[in-house]
Amino acid sequence: MTMRLYVWQRATAALMVPLVLVHIAVIFYATQKGMTAADILSRTHGSIMWASYYGLFVAAASIHAAIGVRNVLTEWSPLTGLRAGRLALMFGLLLAALGARAVLAVVL
Amino acid sequence: MLAELSVSLWRGAKDGRYETYCVPRRESQTVLDVVTFVQRHIDPTLSYRFACRVGVCGSCAMTVNGKPRWTCRTHVAKVAGSGRLEIGPLENLPVIKDLTTDMQPFFEKWQQAQGVFAPTKTRHEEIEQIRPDNPARRLADAAIECINCGVCYAACDTVRWNQDYFGPAALTRAWTLVNDERDAGGSARLQAVAGSGGCHSCHSHQSCQELCPQALNPTAAIAGLKRRTTAAYLKGEIKA
């Protein structure tokens, strides 16, 4: 792994620590309160705060996972660094697209 | 104690096979004693490497019952409770013949990690005074007893998966020099160990520190290099 990828992977991991904790707290809150999907969506629709929060989460997870997948491919498959990097980039873009779709669905 | 040991030894090169021998069991017998018995009394064509026999030179490392060990200081009683021993060449290195491996890739990676001391002074200048309790010196001391046996390199999963990875010994050596105030390698060495085969490839599995016969902790040394190279990168002292 190169220095740049290492720093990006560690930085996104550090960023996701508080994001994951808040995400879990939100899940507990929603289930404890017995909130329905409609209740949740009524609070998230039009919310710039939730859009930013989960948008950042999706971006961090996509970058972090793509770098990890690149490492797995270079170590465990016959792919070279360049090809593994391209495949991992496609995986990261797929995650980002799926995540962005989910975020947009709950805030728009 | 059993009267005899059943000993399987790797014979041949890469495409070899294990052959089994009966060796008399003795008090305080080491694994190297067992290999030496086979070579002197059963099959003189057996190839293996040793020199000091007292845990100083680092020549006699082999795979013993699946784990890399320094054979001269490994007692049979510790590793062969069932009376069976399987001894092979070190993993992650090309096999020359029988129990001898080609250590060239191991030492080439020392060079790639810039594991050579770069002096800041000549012999005509005064010797620099380094206090033994200086924090940097303590970090350098922690890794200085490496005997280059290759046990950590053979135990390392990352070396197995990534042929370019320098391995624990070379990176531990680099960490020693990074902390040596007399060394002039500085950011060039950090640049060398921050590359694709460098410290950031380590997964911290810790097999190296578990099996190091000198009880060194290469994982901690590599973690130190990760921190030091990251700080240097963020300050712009080294490139990606």
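Each value, and the rule that gives it
- Residues numbered from 1 in each chain as written.
- Chains lettered and ligands numbered in written order.
- Predicted model: local features only at pLDDT ≥ 70, side-chain atom pairs only at ≥ 80, totals over all residues.
- Helix = DSSP H or I, 4+ residues; strand = E, 2+ residues; numbered from the N terminus.
- Rg over C-alpha atoms; globule rule 2.2 N^0.38 Å.
- Buried ≥ 20, exposed ≤ 12 C-beta atoms within 10 Å, placed from the backbone.
- Contact = placed C-beta atoms within 7 Å.
- Pairing = 2+ DSSP bridges.
- Axes fitted to C-alpha atoms, helices over the stretch in contact; angles between N-to-C directions.
- Domains from an automatic or database assignment.
- Nonpolar A, V, L, I, M, F, W, Y, C, P; charged D, E, K, R; others polar.

**Notes on the overall build of chain A**
Stage number 1. On a plain count of helices and strands, chain A comes out with four helices and zero strands.
Stage number 2. Its helices and strands in sequence order give chain A the pattern α-α-α-α, from N to C terminus.
Stage number 3. At 17 Å, chain A has a C-alpha radius of gyration far larger than the 13 Å of a compact globule built from 108 residues.
Stage number 4. Its C-alpha atoms give chain A principal-axis dimensions of roughly 50 × 25 × 20 Å.
Stage number 5. The proportion of buried residues among the 108 residues of chain A is 20%.
Stage number 6. Partitioning the contacts of chain A with sequence separation of at least 6, the portion at a separation of at least 24 is 74%.

**A short note on unusual backbone geometry**
Residues and elements named next belong to chain B.
Stage number 1. Even without being glycine, R53 reaches a positive phi, approximately 70°.
Stage number 2. Checked against the element boundaries, R53 lands in the loop between α1 (31–42) and β3 (61–64).
Stage number 3. A count of 16 C-beta atoms within 10 Å places R53 in the partly exposed class.
Stage number 4. Of note in this structure, N92 is not a glycine but carries a positive phi near 70°.
Stage number 5. Note on placement: N92 falls in the loop between β5 (84–88) and β6 (95–97).

**Observations concerning the environment of L190 of chain B**
Residue and element names in this part refer to chain B.
Stage number 1. Relative to the assigned elements, L190 resides in helix α8 (residues 186–193).
Stage number 2. Expressed as a C-alpha distance, the spacing of L190 and L139, which sit 51 residues apart in the sequence, is 16 Å.
Stage number 3. Those residues within four positions of L190 in sequence are excluded, and the remaining contacts are V178, R228, T229, A232 and I238.

**As for the sheet that holds strand β4 (residues 67–70) of chain B**
Sheet strands pair via backbone hydrogen bonds, and the direction of the pair is either parallel or antiparallel.
All names here are of chain B.
Stage number 1. A sheet is described by the order of its strands in space; here five strands give the open sequence β2-β1-β5-β3-β4, paired in mixed fashion. The open sheet is flanked by β2 (17–24) and β4, the only strands paired with a single partner. The average undirected angle you get between the axes of adjacent strands in this sheet is 35°.
Stage number 2. The sheet strands contacting α1 are β1 (4–11), β2, β3, β4 and β5, and the helix crosses β2 at an angle near 95°.

**Some details on the domain arrangement of chain B**
Note on interface size: it is often stated as the accessible area lost on association of the parts.
Residues and elements named next belong to chain B.
Stage number 1. Segmentation of chain B into domains returns domain 1 (4–101) and domain 2 (104–234).
Stage number 2. Each of domain 1 and domain 2 was reduced to a C-alpha centroid, and the two centroids are 29 Å apart.
Stage number 3. Tallying the contact residues gives 15 residues for domain 1 and 15 residues for domain 2.
Stage number 4. Where the side of domain 1 that touches domain 2 is concerned, the elements lending two or more residues are β3 and β4.
Stage number 5. By residue number, the principal contributor to the side of domain 1 that touches domain 2 is β4, which donates four residues.
Stage number 6. The class makeup of the residues in the side of domain 1 that touches domain 2 is seven nonpolar, four polar and four charged.

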